[in-house]
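Structural description and commentary
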Amino acid sequence: MSDPAASVPDPHSAEPIRVVAVFVRDLAGRILTVRKRGTDAFMQPGGKPEPGESPEQTGIRELAEELGAELADLRLLGEWTAAAANEAGRLVQAVVFSARLVRMSGVQAEIEELHWYDPAAPDIPAERLAPLLRDVVLPWVGPPPPVTVVGIGADGHLAPGAAEAVADAEVLLGGRRHLSLVPERPDQVRRPWPSPLAEALPSLLAEVAERRVVVLASGDPLLSGIGTTLASLVGNRLRLLPTVSSVALARARTGWSAEETEVVTVVGRDLDVLRRQLAPGRRLLVLSSDEHTPAAIAQLVREEGHGGTEVVVLGDLGSAAESRVAARAAEEAFWAEARLPRLNVVALEVVGPAGNSWSTGLRDELFEHDGQLTKRDVRAGALSRLEPAPGLLLWDVGAGAGSVGIEWMRAHPTCRTIAVEADAERGARIDRNAARLGVPGLEVVVGRAPDALGPLPTPDAIFVGGGATAAGLIDRCAHRLRPGGRLVVHGVTVETEAELLASYRRLGGELTRISVERAEPLGTFTGFTPARAVTQWAWTKPVPEPTTDGSVDR
């Protein structure tokens, strides 16, 4: 590639400003830029060398001073001249390095703003980029190469075009089993997945970010596979070449259509997620972790009262070693002795009694509790106002037995709950209730509100079932709630009721008193016995109105 020419001022003007700049690109292909205090242009971090410094030393020192950054793999990109961004009529003569960012604490010294600039989706006008970056460096380096994820069958089968991508890769990543299915090439680097994968993956990808990388994955990489994780890291750089998935093969072997089948993954997840799915007549395909998972599934199905269900283990789908093993969940001796393949999908057509309802207001006896439980009729009223929806986060504050947060998560597999409970024993009880009712992903924070709320992520809804009289709690919840989010608070004491009345008068919303009476024996007759009345305040946080210039009026 020829050295790009930059648009520069009159070369007979003042002596060029000598600088060192560092080009840092993240896994998604965005460029690290900074803006100095009192200026308008975004540029690569860097600065002027001090006496006796090498260019490499200057780059390392400047990024440490400006951003608290630590660098690795410093490499020379080039030496170029361009118009100075912040000094009219001057030139900069820059030594530019590329580097990998190990860590960074944030802006300091003369830097006022840090911005990750995405050339593929620019969110800064081109005229606000420094000429050195805009006119020289970006055209020189070009876009980062894609990260290609190739689906591979259990027998090594590759999708159309995938074999060419694998052969052309400079770096091949994958599990040891996947790598063993592909012929070796002497000029190709092969790296098996590190362990633990989630912690080490970003660093591994950063090391090979500027090379042609191909990742091997089972079948459809976006089906409970590495593709989903990579998409969150590399964004639009991801290129996918899937092949037939294990789920598609399992449907073909069972004859079950996609419309009548639910896919549940327990790969890297708590097996208790399956409990929510068990109901008579349901057809489930369970993506298994290993050869021990089918026996554990059979035990769980027995525990839920569905022992008559046939558990079908489909092993090594799509390979010459494909197998099918089946037995009733109730056959404990069989599952204790079964020798099964490590790669398997479990098919269940559930038989047995009904009882796993997804409605709000589950029976109170389903929850282990010490009396601190939002009862089913009142709970149903709270959830109707909290309005669970896919992907939303609930804070269940003063959670007690965790019943509201649990039912929030049962509304949809992507609903999330953080239960805040001051009592550690109750916190452990919430964990047990959540697992038994099929939502083991519920997060419990043992701590006293409002202090325990500080580090939590912004919620879409908040339920306060206890402790509403704690100083500042309601105001803290209202402040932290996202615009458009819903806050529901319950109280049974006069003191809490006064707090709720004050909040209602100050903020509006809906104030309701809920009284429930149940029929109970009264001598030889039957009479209604009232439960303690619950005062409920429900409030939706207003969404700020946009102003005439498009900004938000807060």
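Residues numbered from 1 in each chain as written. Predicted model: local features only at pLDDT ≥ 70, side-chain atom pairs only at ≥ 80, totals over all residues. Heavy atoms only, no water.

Now for the side chain of Arg61. Mapped onto the elements of the fold, Arg61 is located in helix H1 (residues 55-67). Residue classification places Arg61 among the buried residues on the basis of a relative accessible area of 15%. Setting aside residues up to four positions removed in sequence, Arg61 forms contacts with Lys48, Pro49, Glu50 and Glu53. (Helix = DSSP H or I, 4+ residues; strand = E, 2+ residues; numbered from the N terminus. Buried < 20%, exposed > 50% of the residue type's maximum accessible area, 1.4 Å probe, protein only. Contact = heavy atoms within 4.5 Å.)

Attention shifts here to unusual backbone geometry. Negative phi values dominate among residues other than glycine, just as trans dominates among peptide bonds. The amide bond that connects Ser195 to the next residue, Pro196, takes the cis arrangement and shows omega of 0°. For Ser224, which is not glycine, the phi torsion reads 50° and is therefore positive. The residue Ser224 is located in the loop between strand S10 (213-218) and helix H6 (226-234) in this model. Using a relative accessible area of 32% as the deciding quantity, one classes Ser224 as partly exposed. In this structure, Glu387 is a non-glycine residue whose phi angle is positive, near 55°. On the secondary structure map, Glu387 appears in the loop between helix H10 (376-386) and strand S17 (393-397). You can call Glu387 partly exposed: its relative accessible area is 45%.

With that settled, the discussion passes to the nonpolar core. Grouped together as the largest cluster of nonpolar side chains are 25 residues, with contacts concentrated most on Leu386, Leu394, Ile406, Trp408, Leu442 and Phe463. Of all the secondary-structure elements, those providing two or more residues to this core are H10, helix H11 (403-410), helix H12 (424-436) and strand S20 (461-464). Counting residues per element, this core draws most heavily on H11, which supplies four residues. Once you skip the residues sitting within four places of it in the chain, Phe463 turns out to touch Thr374, Ala382, Leu386, Leu394, Trp395, Asp396, Val397, Val404, Val488 and His490. In this structure, Ile462, Val464, Leu481 and Leu487 belong to the second largest nonpolar core, which totals 23 residues. (Core = buried A, V, L, I, M, F, W, Y, C linked by side-chain atoms within 4.5 Å.)

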